[in-house]
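The lines below spell out each chain.
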Amino acid sequence: MADTLAALRSLMSSHSPSLHALIIPSEDYHQSEYVSARDKRRAFVSGFTGSAGLALITMDEALLWTDGRYFLQAAQQLSDQWKLMRMGEDPPVDIWMANNLPKDAAIGVDTWCVSVDTAQKWECAFAKKQQKLVQTTRNLVDDVWKNRLPAQANPVIVHPLQFAGQSVAEKLKELRKKLVMGKACAIIITALDEVAWLYNVRGSDVSYCPVVHAFAIVTIDSAFFYVDKQKLSPEANSYMEENGIMVRDYGDVSSDVVLLASDQLTSCSSTKGSKGNPKIDVRNATYVGNSDSHAAEFVNDLIWVDPGACCFALYSKLSADKVLLQQSPLALAKALKNPVEIEGLKKAHFRDGAAVVQYLVWLDKQMQEIYGASGYFMEAESTKQKKQLGTKRLTEVSVSDKLEEFRASKEHFRGLSFRTTSSVGSNAAIIHYKPEAETCAELDPDCIYLFDSGAQYLDGTTDITRTIHFGKPSPHEKSSYTAVLKGHISLGNARFPNGTNGQALDILARIPLWKDGLDYRHGTGHGIGSYLNVHEGPHNISFRPSARDVPLQVSMAVTDEPGYYEDGNFGIRIENVLIVKEGHTKFNFGNKGYLSFEHITWAPYQRKLIDVSLLIPEEIEWLNEYHAKCREILTPYLNTSEMEWLKKATEPIAA
């Protein structure tokens, strides 16, 4: 690590201009939350492996900013050469740079790895002291990362219409309507999941995320796909041609954006009137023969750029007065699941719930046999000593591998949706803990066990968290678990008017915890993809200001996952996926219409961890109804012994 910092500082000194500081973001060229192994530059430099964070290297300091999910993990992973900066507690990175770097400082960054929004925010902060953001001539980290993995030519897979539910032609037509309404002649699409969703393709360029490293440009009459052409099979090439999509090399996006800015980007397919590119009367900006479209004159030939997703490098090639800086219209379109996607999500969760129950049955038996645990149902200390090394033992990694086995046996399984959090005792207090085979803990029947996991199926993406105990939970553990459960139920049962955003709902999950002076440092819910990224916007349920941006709407999928984490002791989280639906209310104040949630995750909550005395009758009634539905839905997927276990796990709770 010291050698890496020294090498980077040497490159900073020799750079023209010489750099006072170097910013190393977590993101790739597409501003992705999760990136491929070869794009984990911040992790390589700092040693911190969490998904969110930013490194800053000056000539005499190295600092790492991350959010509350990762405070504990970062403190453990960073060497003493690094200083941890806690977001929300320490000054933000732009304020710190403005205040601590000299006047006229040159601050370097690879502008392919930073969004328009972020770069402009930094430039505004720097202007106070005439500091400047400098686009490095190349990515300096790549120059010192000697064993960086090479790029791989993973195949582009066409996602069948039976799972996508909407054709490329339909999606392009709707997108072009949005362009017309925005007085734009084109859009640059950089987010990997948006490119995959729009063109109905999937890939494996990022672990756990079925996406392809690619850009897209869509104009009023053309569509372009920028990708390593080695990834396209003859069938995939034919598919692109049939849909009027012109395939270009991945690196061509840079020069094509320049052509787009000067109105010189053309496609040989633009005059074909293919099914992917309906003929458009550009003079009036209306769809020929489409009576429901609205005429709109082009006051300006704007180019639509999402400031949160587009890299500053591409934006810099455009004329600022010709850019529509606005969230991509695909973000919301992708989040509003069509009927086929909703049905697929539900079916995927049926199979996934069965896999989770099979795992719990197996784990319950193993914990009793190996460790003398009282098990999932009984409350007692373990009766045996842990077995000596060399005998069979369960670790956080070995049991999570078993969970993956159960999922892999299910129809349409394509892999995990993220790396499983399988955590025992104090490790469960690390919010995004990821066990390593060499260092992970052995399971302990007298400690809480938390597992947060999910899978990718052709028909949907899953994400579930359950917290369990195979021994005798303490009264404090039970009351904490019950407070988390009460918040989980409160949010899941909410009814709210149209126009309500996720920040307004976040408090519902926290109130039961706040009553005891408890809380958690992460958001309460995130959108989820349809065989796409497990974290999906633009909506979320959180205390963060971003949760105000987009109201929840019918057919959105969102998680419900409050928690509580006690450093050095235990962690609790409970998570289901919900679908937003119409709410049935007695009245309709303001004629707004009301919404509610439908749970689509099916796995029991551990009765042993619930302090029933803390529940109100309505909560007990809901739990009993949910557990009854678990039995009904999962029975076809389980054998007799598994069904008997589930029946016992879902026995009604007496009020």
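For the protein chain, an unreviewed UniProt entry supplies the name Xaa-Pro aminopeptidase and the organism Solanum lycopersicum. Its UniProt record, at the heading Cofactor (unreviewed entry), says of the protein chain: "Mn(2+)". Of the comments in the UniProt record for the protein chain, the one headed Catalytic activity (unreviewed entry) reads "Release of any N-terminal amino acid, including proline, that is linked to proline, even from a dipeptide or tripeptide."

### Side note on the domain arrangement of the protein chain
Per the domain assignment, the segments making up the protein chain are domain 1 (1–144), domain 2 (157–264 + 299–333) and domain 3 (339–385 + 393–650). The straight-line distance from the C-alpha centre of domain 1 to that of domain 3 is 35 Å. Between domain 1 and domain 3, the residue contacts involve eleven residues of the former and ten residues of the latter. Note on domain 1 versus domain 3: buried area summed over both sides is about 910 Å², and carbon and sulfur give 59% of it. The three residues of domain 1 that bury the most area against domain 3 are Tyr34, Arg69 and Leu72, which together make up 54% of that side's buried surface. There are zero salt bridges connecting domain 1 and domain 3. The tally of links between domain 1 and domain 3 comes to three residue pairs in polar contact (both at pLDDT 80 or more). The residue makeup of the side of domain 1 that touches domain 3, split by class, is four nonpolar, three polar and four charged.

### Things to note about the packing of aromatic side chains
Throughout the structure, instances matching the rule amount to 22 aromatic pairs. Centre to centre, the rings of Tyr199 and Phe225 are 5.6 Å apart; their planes meet at 90°, and the pair counts as edge-to-face. Placement of the pair is Tyr199 in helix H9 (residues 192–199) and Phe225 in strand E11 (residues 223–226), with a sequence separation of 26 residues. Overall, the relative accessible area of 0% leaves Phe225 in the buried class. Arranged with centres 5.1 Å apart and planes meeting at 40°, the rings of Tyr605 and Tyr626 form a pair that is tilted. One end of the pair, Tyr605, is in the loop between strand E30 (594–599) and helix H18 (617–634); the other, Tyr626, is in helix H18, and 21 residues separate them in sequence. Residue Tyr605 is classed as buried on the basis of its relative accessible area of 0%. With relative accessibility at 4%, the residue Tyr626 sits in the buried group. Taking NZ or CZ as reference, Arg86 lies 5.6 Å from the ring centre of Phe71, over its face. A cation over an aromatic ring shows up here: Lys171 above the ring of Trp197, its NZ or CZ 4.0 Å from the ring centre.

### A closer look at a nonpolar patch on the surface
Together, Ile507, Ile511 and Trp514 make up an exposed nonpolar region whose accessible area comes to about 260 Å². Its location among the elements puts Ile507 in helix H17 (residues 502–514). The class of Ile507 is partly exposed, set by a relative accessible area of 35%.

### Observations regarding the pairing of strand E27 (residues 563–566)
Neither face of E27 is left uncovered, since the one carrying Gly563 and Tyr565 and the one carrying Tyr564 and Glu566 both have all their residues buried. Two successive antiparallel strands, E27 and strand E28 (residues 570–573), enclose a turn made up of three residues, where Gly568 displays a positive phi of approximately 75°.

### Focus on unusual backbone geometry
Put simply, Ser16 and Pro17 share a cis peptide bond, and its omega is 0°. Counting through the fold element by element, Pro17 comes out in the loop between helix H1 (2–14) and strand E1 (21–25). For the peptide bond that leads from Gly537 to Pro538, omega is 10°, which places it in the cis range. Tracing the backbone shows Pro538 in strand E25 (residues 536–541). One non-glycine residue with positive phi stands out, namely Asp104, at about 70°.

### Section: the environment of Ala186
Structurally, Ala186 can be placed in strand E8 (residues 184–189). Each C-alpha atom of the pair Ala186 and Val534 lies 28 Å from the other, and the pair is 348 residues apart in sequence. Setting aside its immediate chain neighbours within four residues, Ala186 contacts Leu179, Val218, Thr219, Leu260, Leu302, Ile303 and Trp304.

### A word on the nonpolar core
By size, the foremost hydrophobic cluster in this structure holds 75 residues, and its most contacted members are Tyr359, Leu363, Leu394, Phe597 and Leu623. Tallying contributions element by element places helix H14 (residues 339–371) first for this core, with twelve residues. Formed by 43 residues, the second largest nonpolar core is a distinct cluster that contains Met97, Ile107, Val114 and Tyr226.

Rules used in this analysis
- Residues numbered from 1 in each chain as written.
- Predicted model: local features only at pLDDT ≥ 70, side-chain atom pairs only at ≥ 80, totals over all residues.
- Heavy atoms only, no water.
- UniProt positions renumbered as here; feature names shortened; annotations may be inferred.
- Domains from an automatic or database assignment.
- Contact = heavy atoms within 4.5 Å.
- Buried area = accessible area lost by both parts, 1.4 Å probe.
- Salt bridge = Lys/Arg side-chain N within 4 Å of Asp/Glu carboxyl O.
- Polar contact = N/O pair within 3.5 Å; in protein donor to acceptor, adjacent residues only side chain to side chain.
- Nonpolar A, V, L, I, M, F, W, Y, C, P; charged D, E, K, R; others polar.
- Phe/Tyr/Trp six-rings, centres within 6.5 Å; stacked < 30°, edge-to-face > 60°.
- Helix = DSSP H or I, 4+ residues; strand = E, 2+ residues; numbered from the N terminus.
- Buried < 20%, exposed > 50% of the residue type's maximum accessible area, 1.4 Å probe, protein only.
- Lys NZ or Arg CZ within 6 Å of the ring centre and 35° of its normal.
- Patch = residues over 30% accessible without salt bridge, like charges linked within 9 Å, V, L, I, M, F, W, Y side chains within 5 Å.
- Areas by Shrake-Rupley, 256 points an atom, 1.4 Å probe, with all protein chains shown as cover.
- Pairing = 2+ DSSP bridges.
- Core = buried A, V, L, I, M, F, W, Y, C linked by side-chain atoms within 4.5 Å.

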